[in-house]
Amino acid sequence: MMTLTKERVTIKFDRIFKTSKGLLGAVHAVPKAEIAGVSLEEGKTVDINKLHRILGHATEETIRETAKFYKWKLIGKFTACDACRIANARQKDVAKTTNTKSTVPGERLMFDISSVSAKSYGGNKYWGIVVDDCTDKVWTVLLKKKSDLGSKLVTLIKTLKGLGRW
Ligand SMILES: [Zn+2]
């Protein structure tokens, strides 16, 4: 992978595109204006909670690192916003462990999503893994968006049912 380094900043050309003559390394650049929606020039003062929303509900650490990079002055005290509280509460509703093991193949499928740093040639950025609790059989799916997992799971279940696997 090609990289460009200037002082403490390294840009990685981690978007690899296949061309007829070889590979093309690219970088996804987000203009400052697009990040902010308002102009945030060097030295500008911005409320940390406003920046949290502007940066797509980023964590406090990400906000502070981003502010440091762009030399923005942060004011206010970081408080979890309502949207984040609801999202986190929903996440906790899903049990992460189980003490019972299914005895019926296909009765209980467990899944998780990981992201990959570089998009695949097909433009997939996420990687879903599905495990059948009873048999430990594993399937993987590549996803463009996290929200694509639902339809992929439906397809997987329909395929397995069609095959008469259980
Ligand atoms: Zn938030």
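Since the structure is predicted, the reported quantities are computational estimates derived from the model, not experimental observations.

**Comments concerning the pattern of salt bridges**
So, step 1. Taken as a whole and assessed by the stated rule, the structure comprises seven salt bridges.
So, step 2. Among the ionic pairs, R85 bridges to D82, the shortest N-O distance being 2.7 Å. Here R85 and its partner D82 are both found in helix 4 (residues 82-93), three residues apart, which amounts to about one turn of the helix.
So, step 3. By relative accessible area, which is 48% here, R85 ends up partly exposed.

**Observations concerning the environment of I113**
So, step 1. Relative to the assigned elements, I113 resides in strand 7 (residues 109-115).
So, step 2. Given a relative accessible area of 25%, I113 falls into the partly exposed group.
So, step 3. Along the sequence, I113 and I129 sit 16 residues apart, while their C-alpha atoms lie 6.4 Å from each other.
So, step 4. Sequence-distant contacts of I113, that is, excluding residues within four places in its chain, are made with Y126, W127, G128, L143, K146 and L149.

**Points about the packing of aromatic side chains**
So, step 1. All chains considered together, the criterion is met by two aromatic pairs.
So, step 2. An angle of 90° between the planes, with centres 5.0 Å apart, marks the rings of F69 and Y70 as edge-to-face.
So, step 3. Here Y70 falls in the buried class, since its relative accessible area comes to 16%.
So, step 4. Taking the centre distance of 4.9 Å and the plane angle of 20° together, the rings of Y70 and W72 count as stacked.
So, step 5. A connected cluster of aromatic rings, assembled from ring pairs, spans F69, Y70 and W72.

**Topic: the sheet that holds strand 7**
So, step 1. The antiparallel open sheet is built from three strands, whose spatial order is 7-8-9. In this open sheet, the two strands that pair with only one neighbour each are strand 7 and strand 9 (138-143). Put simply, the sheet's adjacent strands are angled 20° from each other on average, direction ignored.
So, step 2. Relative to strand 8 (residues 126-132), strand 7 is paired through seven bridges, and the arrangement is antiparallel. Paired with L109 across the strands is D132, a residue of strand 8.
So, step 3. Seen against the sheet, helix 5 (residues 149-163) touches strand 7, strand 8 and strand 9 and runs at an angle of roughly 140° to strand 9.

The rules behind the values
Residues numbered from 1 in each chain as written. Predicted model: local features only at pLDDT ≥ 70, side-chain atom pairs only at ≥ 80, totals over all residues. Heavy atoms only, no water. Salt bridge = Lys/Arg side-chain N within 4 Å of Asp/Glu carboxyl O. Helix = DSSP H or I, 4+ residues; strand = E, 2+ residues; numbered from the N terminus. Buried < 20%, exposed > 50% of the residue type's maximum accessible area, 1.4 Å probe, protein only. Contact = heavy atoms within 4.5 Å. Phe/Tyr/Trp six-rings, centres within 6.5 Å; stacked < 30°, edge-to-face > 60°. Pairing = 2+ DSSP bridges. Axes fitted to C-alpha atoms, helices over the stretch in contact; angles between N-to-C directions.

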